[in-house]
Amino acid sequence: MSGHSKWNNIKRKKEKTDAAKAKIFTKIGREIAVIVKQGGPNPAENSKLKDAIAKAKAANVPNDNIERIIKKAAGEGDATNYEELVYEGYGPNGVAVIVETLTDNRNRTAGEMRHYFDKCGGNLGQSGSVMFMFDRRGQIVIEAEGLDEDTVMEDALESGASDFDFDGDVFTIDTEPNDMGAVRDALEEKGYKFLSAEVAYIPQTLTAIDDEELAAKMEKLIDMLEENDDVQEIWHNWDIPEE
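> What am I meant to see in the overall build of the protein here?
Tallying secondary structure elements over the protein gives eight helices and eight strands in all. Across the 243 residues that make up the protein, the buried fraction comes to 45%. Intrachain contacts of the protein at a sequence separation of at least 6 include 73% that bridge at least 24 residues. Surface summary for the protein: the accessible area is close to 12600 Å², and the carbon and sulfur share equals 46%.

Structural data, given as C-alpha coordinates:
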(Lines give C-alpha, C1' and ligand atoms only; values in the text may rest on other atoms or scores of the structure.)
Protein backbone atom coordinates (compact mmCIF):
# COMPACT_ATOMS: atom_id res chain seq x y z
CA MET A 1 0.00 0.00 0.00
CA SER A 2 2.72 2.45 0.92
CA GLY A 3 4.56 1.72 -2.32
CA HIS A 4 1.43 2.30 -4.41
CA SER A 5 0.68 5.59 -2.68
CA LYS A 6 4.30 6.76 -2.86
CA TRP A 7 4.54 5.98 -6.58
CA ASN A 8 1.47 8.08 -7.28
CA ASN A 9 3.10 10.93 -5.40
CA ILE A 10 6.40 10.47 -7.22
CA LYS A 11 4.69 10.54 -10.61
CA ARG A 12 2.95 13.73 -9.63
CA LYS A 13 6.18 15.24 -8.32
CA LYS A 14 7.99 14.36 -11.56
CA GLU A 15 5.33 16.11 -13.61
CA LYS A 16 5.76 19.19 -11.44
CA THR A 17 9.54 18.97 -11.78
CA ASP A 18 9.33 18.90 -15.56
CA ALA A 19 7.14 22.00 -15.46
CA ALA A 20 9.15 23.97 -12.87
CA LYS A 21 12.74 22.73 -12.63
CA ALA A 22 14.06 26.11 -11.53
CA LYS A 23 11.86 26.06 -8.40
CA ILE A 24 12.86 22.48 -7.54
CA PHE A 25 16.54 23.38 -7.96
CA THR A 26 16.07 26.40 -5.67
CA LYS A 27 14.47 24.31 -2.92
CA ILE A 28 17.16 21.64 -3.04
CA GLY A 29 19.84 24.31 -3.16
CA ARG A 30 18.47 25.89 0.00
CA GLU A 31 18.46 22.50 1.73
CA ILE A 32 22.08 21.81 0.74
CA ALA A 33 23.17 25.27 1.90
CA VAL A 34 21.62 24.77 5.35
CA ILE A 35 23.20 21.33 5.73
CA VAL A 36 26.65 22.65 4.72
CA LYS A 37 26.43 25.45 7.31
CA GLN A 38 25.40 22.94 9.98
CA GLY A 39 27.86 20.15 9.26
CA GLY A 40 30.50 21.32 6.81
CA PRO A 41 31.10 20.99 3.04
CA ASN A 42 32.64 17.49 2.98
CA PRO A 43 30.04 14.78 2.22
CA ALA A 44 32.43 12.13 3.55
CA GLU A 45 32.18 13.75 6.98
CA ASN A 46 28.63 15.12 6.66
CA SER A 47 26.19 12.26 6.02
CA LYS A 48 23.24 14.65 5.66
CA LEU A 49 25.08 16.45 2.86
CA LYS A 50 25.78 13.14 1.14
CA ASP A 51 22.05 12.32 1.28
CA ALA A 52 21.13 15.78 -0.02
CA ILE A 53 23.56 15.49 -2.94
CA ALA A 54 22.03 12.12 -3.86
CA LYS A 55 18.57 13.71 -3.68
CA ALA A 56 19.73 16.56 -5.92
CA LYS A 57 21.13 14.17 -8.49
CA ALA A 58 17.88 12.16 -8.48
CA ALA A 59 16.11 15.44 -9.33
CA ASN A 60 18.59 15.99 -12.20
CA VAL A 61 20.30 18.98 -10.62
CA PRO A 62 23.58 19.47 -12.59
CA ASN A 63 26.79 18.66 -10.74
CA ASP A 64 28.11 22.17 -11.41
CA ASN A 65 25.09 23.65 -9.63
CA ILE A 66 25.59 21.37 -6.63
CA GLU A 67 29.28 22.25 -6.32
CA ARG A 68 28.54 25.97 -6.64
CA ILE A 69 25.92 25.82 -3.87
CA ILE A 70 28.29 23.96 -1.54
CA LYS A 71 31.16 26.41 -2.14
CA LYS A 72 28.90 29.41 -1.60
CA ALA A 73 27.47 28.01 1.64
CA ALA A 74 30.93 27.06 2.92
CA GLY A 75 32.17 30.63 2.38
CA GLU A 76 30.63 33.91 3.40
CA GLY A 77 28.64 34.43 0.22
CA ASP A 78 25.23 33.79 1.78
CA ALA A 79 24.47 35.25 5.19
CA THR A 80 20.83 34.15 5.21
CA ASN A 81 19.96 31.93 8.17
CA TYR A 82 17.17 29.43 7.57
CA GLU A 83 15.15 27.71 10.27
CA GLU A 84 13.70 24.21 9.89
CA LEU A 85 10.00 24.17 10.81
CA VAL A 86 7.42 21.40 10.42
CA TYR A 87 3.70 22.16 10.10
CA GLU A 88 0.88 19.68 10.60
CA GLY A 89 -2.76 19.93 9.65
CA TYR A 90 -5.78 18.46 7.97
CA GLY A 91 -6.84 19.00 4.39
CA PRO A 92 -10.33 18.38 2.93
CA ASN A 93 -12.11 15.23 4.16
CA GLY A 94 -9.65 14.85 7.04
CA VAL A 95 -6.56 14.13 4.92
CA ALA A 96 -3.52 14.38 7.19
CA VAL A 97 -0.74 16.66 5.93
CA ILE A 98 2.84 17.27 7.09
CA VAL A 99 4.80 20.17 5.60
CA GLU A 100 8.56 20.52 6.05
CA THR A 101 9.90 24.05 5.56
CA LEU A 102 13.11 26.05 5.61
CA THR A 103 12.37 29.70 6.33
CA ASP A 104 14.14 32.95 7.17
CA ASN A 105 10.90 34.41 8.55
CA ARG A 106 8.78 32.07 10.68
CA ASN A 107 5.92 34.58 11.06
CA ARG A 108 5.55 34.93 7.30
CA THR A 109 5.67 31.19 6.72
CA ALA A 110 3.22 30.39 9.52
CA GLY A 111 0.75 32.92 8.15
CA GLU A 112 1.05 31.50 4.64
CA MET A 113 0.58 27.93 5.84
CA ARG A 114 -2.55 28.89 7.80
CA HIS A 115 -3.92 30.77 4.78
CA TYR A 116 -3.42 27.79 2.43
CA PHE A 117 -5.15 25.32 4.73
CA ASP A 118 -8.05 27.67 5.46
CA LYS A 119 -8.54 28.57 1.79
CA CYS A 120 -8.75 24.90 0.79
CA GLY A 121 -11.21 23.78 3.45
CA GLY A 122 -8.67 22.40 5.88
CA ASN A 123 -7.09 23.60 9.10
CA LEU A 124 -3.58 23.96 10.44
CA GLY A 125 -3.07 21.94 13.62
CA GLN A 126 -0.72 21.93 16.58
CA SER A 127 2.57 20.06 16.68
CA GLY A 128 1.81 16.34 16.96
CA SER A 129 -1.76 16.65 15.66
CA VAL A 130 -1.16 14.31 12.70
CA MET A 131 2.43 13.10 13.12
CA PHE A 132 1.24 10.01 15.03
CA MET A 133 -0.51 8.82 11.83
CA PHE A 134 2.82 8.45 9.98
CA ASP A 135 5.92 6.30 10.33
CA ARG A 136 9.34 7.86 9.76
CA ARG A 137 11.24 5.57 7.38
CA GLY A 138 13.91 5.62 4.76
CA GLN A 139 12.39 4.85 1.37
CA ILE A 140 14.20 4.05 -1.87
CA VAL A 141 12.22 3.75 -5.10
CA ILE A 142 13.57 2.01 -8.22
CA GLU A 143 11.86 1.81 -11.61
CA ALA A 144 11.00 -1.85 -12.26
CA GLU A 145 11.38 -1.94 -16.04
CA GLY A 146 14.02 -4.46 -17.11
CA LEU A 147 14.72 -5.69 -13.58
CA ASP A 148 14.00 -9.05 -11.96
CA GLU A 149 11.92 -8.86 -8.77
CA ASP A 150 13.71 -11.67 -6.93
CA THR A 151 17.14 -10.23 -7.74
CA VAL A 152 16.20 -6.72 -6.59
CA MET A 153 14.65 -8.07 -3.39
CA GLU A 154 17.74 -10.16 -2.61
CA ASP A 155 20.07 -7.22 -3.28
CA ALA A 156 17.93 -4.90 -1.16
CA LEU A 157 17.81 -7.22 1.83
CA GLU A 158 21.55 -7.96 1.55
CA SER A 159 22.15 -4.21 1.57
CA GLY A 160 20.32 -3.84 4.89
CA ALA A 161 16.75 -3.01 3.85
CA SER A 162 13.99 -3.74 6.35
CA ASP A 163 11.11 -4.20 3.88
CA PHE A 164 10.45 -4.58 0.16
CA ASP A 165 7.40 -3.96 -2.01
CA PHE A 166 6.62 -4.29 -5.72
CA ASP A 167 3.49 -2.77 -7.27
CA GLY A 168 4.13 -3.60 -10.93
CA ASP A 169 5.70 -0.22 -11.75
CA VAL A 170 8.34 0.30 -9.09
CA PHE A 171 10.25 -1.43 -6.33
CA THR A 172 9.87 0.34 -2.98
CA ILE A 173 12.61 -0.46 -0.48
CA ASP A 174 12.11 0.58 3.14
CA THR A 175 14.91 1.10 5.67
CA GLU A 176 15.37 2.37 9.19
CA PRO A 177 15.78 6.17 8.96
CA ASN A 178 19.46 6.09 9.96
CA ASP A 179 20.20 3.24 7.52
CA MET A 180 18.84 4.89 4.37
CA GLY A 181 22.15 6.36 3.21
CA ALA A 182 24.10 3.14 3.70
CA VAL A 183 21.46 1.02 1.92
CA ARG A 184 21.30 3.52 -0.94
CA ASP A 185 25.10 3.50 -1.30
CA ALA A 186 25.20 -0.32 -1.29
CA LEU A 187 22.53 -0.52 -3.99
CA GLU A 188 24.25 2.19 -6.02
CA GLU A 189 27.44 0.12 -5.97
CA LYS A 190 25.39 -2.74 -7.42
CA GLY A 191 24.44 -0.49 -10.34
CA TYR A 192 20.93 0.62 -9.38
CA LYS A 193 19.49 4.02 -10.30
CA PHE A 194 16.84 5.64 -8.11
CA LEU A 195 13.64 7.49 -8.78
CA SER A 196 13.78 8.65 -5.18
CA ALA A 197 15.87 8.02 -2.07
CA GLU A 198 14.91 9.90 1.07
CA VAL A 199 13.78 9.67 4.67
CA ALA A 200 10.00 10.01 4.44
CA TYR A 201 6.84 10.20 6.48
CA ILE A 202 4.86 7.12 5.42
CA PRO A 203 1.13 7.12 6.25
CA GLN A 204 -0.11 4.18 8.31
CA THR A 205 -3.51 4.37 6.59
CA LEU A 206 -4.81 6.22 3.54
CA THR A 207 -7.81 8.54 3.28
CA ALA A 208 -9.88 8.58 0.09
CA ILE A 209 -11.77 11.61 -1.21
CA ASP A 210 -14.82 10.58 -3.22
CA ASP A 211 -16.27 14.08 -3.65
CA GLU A 212 -14.84 15.79 -6.78
CA GLU A 213 -15.07 19.27 -5.27
CA LEU A 214 -13.16 18.21 -2.15
CA ALA A 215 -10.59 16.37 -4.26
CA ALA A 216 -10.06 19.56 -6.29
CA LYS A 217 -9.51 21.51 -3.06
CA MET A 218 -6.95 18.94 -1.88
CA GLU A 219 -5.19 19.21 -5.23
CA LYS A 220 -5.17 23.00 -4.87
CA LEU A 221 -3.74 22.78 -1.35
CA ILE A 222 -0.84 20.64 -2.58
CA ASP A 223 -0.25 23.01 -5.52
CA MET A 224 -0.19 26.06 -3.25
CA LEU A 225 2.23 24.40 -0.86
CA GLU A 226 4.51 23.28 -3.70
CA GLU A 227 4.60 26.80 -5.11
CA ASN A 228 5.80 28.25 -1.80
CA ASP A 229 9.57 28.74 -1.80
CA ASP A 230 9.84 27.93 1.92
CA VAL A 231 8.24 24.48 1.54
CA GLN A 232 10.74 21.66 1.11
CA GLU A 233 8.58 18.52 1.36
CA ILE A 234 4.89 17.65 1.63
CA TRP A 235 3.68 14.36 3.09
CA HIS A 236 0.05 13.31 3.25
CA ASN A 237 -2.21 10.25 3.49
CA TRP A 238 -4.47 11.07 0.55
CA ASP A 239 -5.24 7.92 -1.43
CA ILE A 240 -4.73 9.52 -4.85
CA PRO A 241 -6.86 7.65 -7.41
CA GLU A 242 -5.23 6.00 -10.41
CA GLU A 243 -5.44 8.12 -13.54
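> Could you clarify how one ought to interpret the sheet that holds strand S5 (residues 163–166) in this entry?
By way of backbone hydrogen bonds, the strands of a sheet pair with one another, either parallel or antiparallel. Reading across the sheet, the four strands line up as S5-S6-S4-S7 and stay open at both edges, with antiparallel pairing between neighbours. Single-partner strands in this sheet number two, and they are S5 and strand S7 (196–203). Averaged over neighbouring strand pairs, the angle between their axes works out to 30° when direction is ignored. Here four bridges tie S5 to strand S6 (residues 170–175), and the two strands are oriented antiparallel to one another. Pairing of aspartate 165 across the sheet is with threonine 172, part of S6. Seen against the sheet, helix H6 (residues 149–158) touches S5 and S6 and runs at an angle of roughly 160° to S5. Packing against the sheet, helix H7 (residues 180–189) makes contact with strand S4 (134–143), S6 and S7, and its axis sits at approximately 10° to S4.

> I tried to follow the pattern of salt bridges on my own but got confused; where do I start?
In the structure shown here, the tally under the stated rule is 13 salt bridges. With a closest N to O distance of 3.7 Å, glutamate 100 and arginine 136 form a salt bridge. Highlighted residues: glutamate 100 in strand S2 (residues 96–103) and arginine 136 in strand S4, separated in sequence by 36 residues. Ionic contacts of the salt-bridge type, sharing partners, join the residues Arg30, Asp104, Arg108 and Asp230 into one network.

> Even after reading the chapter, I still don't get unusual backbone geometry, so can you show me in this structure?
Trans is the common state for peptide bonds, and a negative phi is the common state for residues other than glycine. Positive phi outside glycine occurs at asparagine 60, with the angle close to 65°. Secondary-structure assignment places asparagine 60 in the loop between helix H3 (47–58) and helix H4 (63–74).

> Would you mind showing me how to read the packing of aromatic side chains here?
For any pair of aromatic rings, geometry is given as the distance between the ring centres together with the angle between the planes. Under the defined criterion, the tally for this structure stands at three aromatic pairs. The rings of Phe164, Phe166 and Phe171 are connected pair by pair, giving a single aromatic cluster. Directly above the aromatic system of tyrosine 201 lies the positively charged group of arginine 136, at a separation of 4.2 Å from the ring centroid.

> Is there a simple way to think about the sheet that holds S2 in this case?
In space, the four strands of this open sheet follow the order S3-S1-S2-S8, with antiparallel pairing throughout. Edge positions in the sheet fall to strand S3 (123–124) and strand S8 (231–236), since each of these pairs with one other strand and no more. The sheet contact formed by S2 and S8 spans five bridges and is antiparallel. When the bridges of S8 are listed, valine 97 appears paired with histidine 236. Contacting strand S1 (83–90), S2 and S8, helix H2 (residues 21–39) crosses the sheet at an angle of about 105° to S8.

> When you look at the environment of arginine 137 in this model, what are you seeing that I'm missing?
If you trace the backbone, arginine 137 turns up in strand S4. Within the structure, arginine 137 has its side chain in polar contact with the side chain of aspartate 174 (distance 2.8 Å).

> When you look at the nonpolar core in this model, what are you seeing that I'm missing?
Most often, soluble globular proteins have nonpolar side chains that are buried together. Among the nonpolar cores identified, the biggest contains 22 residues, and Val97, Val99, Met113, Met218, Leu221, Leu225 and Trp238 are the most heavily contacted of them. At the level of elements, S1, S2, helix H5 (106–119), helix H8 (212–227) and S8 are the ones that each hand at least two residues to this core. With six residues, H8 is the largest single contributor of residues to this core. Within the second largest apolar cluster, 15 residues are counted, among which are Ala156, Phe171, Val183 and Ala197.

> In this structure, what is going on with the pairing of S2? I would like to understand it.
Two faces belong to every sheet, and in a regular strand the side chains alternate between them. Among the eight residues of S2, eight are classified as buried, and the element is accordingly described as predominantly covered. Residue alternation in S2 divides its side chains into two sets, Ala96, Ile98, Glu100 and Leu102 and Val97, Val99, Thr101 and Thr103, and both sets are buried. By the bridge criterion, eight bridges tie S1 to S2 in an arrangement that is antiparallel. Along S2, the bridge assignment pairs valine 86 with glutamate 100. If you look at the hairpin formed by S1 and S2, you'll find five residues sitting between the two strands, and asparagine 93 has a positive phi there, around 60°.

Definitions and limits used
- Residues numbered from 1 in each chain as written.
- Predicted model: local features only at pLDDT ≥ 70, side-chain atom pairs only at ≥ 80, totals over all residues.
- Heavy atoms only, no water.
- Helix = DSSP H or I, 4+ residues; strand = E, 2+ residues; numbered from the N terminus.
- Buried < 20%, exposed > 50% of the residue type's maximum accessible area, 1.4 Å probe, protein only.
- Contact = heavy atoms within 4.5 Å.
- Areas by Shrake-Rupley, 256 points an atom, 1.4 Å probe, with all protein chains shown as cover.
- Pairing = 2+ DSSP bridges.
- Axes fitted to C-alpha atoms, helices over the stretch in contact; angles between N-to-C directions.
- Salt bridge = Lys/Arg side-chain N within 4 Å of Asp/Glu carboxyl O.
- Phe/Tyr/Trp six-rings, centres within 6.5 Å; stacked < 30°, edge-to-face > 60°.
- Lys NZ or Arg CZ within 6 Å of the ring centre and 35° of its normal.
- Polar contact = N/O pair within 3.5 Å; in protein donor to acceptor, adjacent residues only side chain to side chain.
- Core = buried A, V, L, I, M, F, W, Y, C linked by side-chain atoms within 4.5 Å.

Honestly, that's just the spatial picture; any functional story needs more than this.
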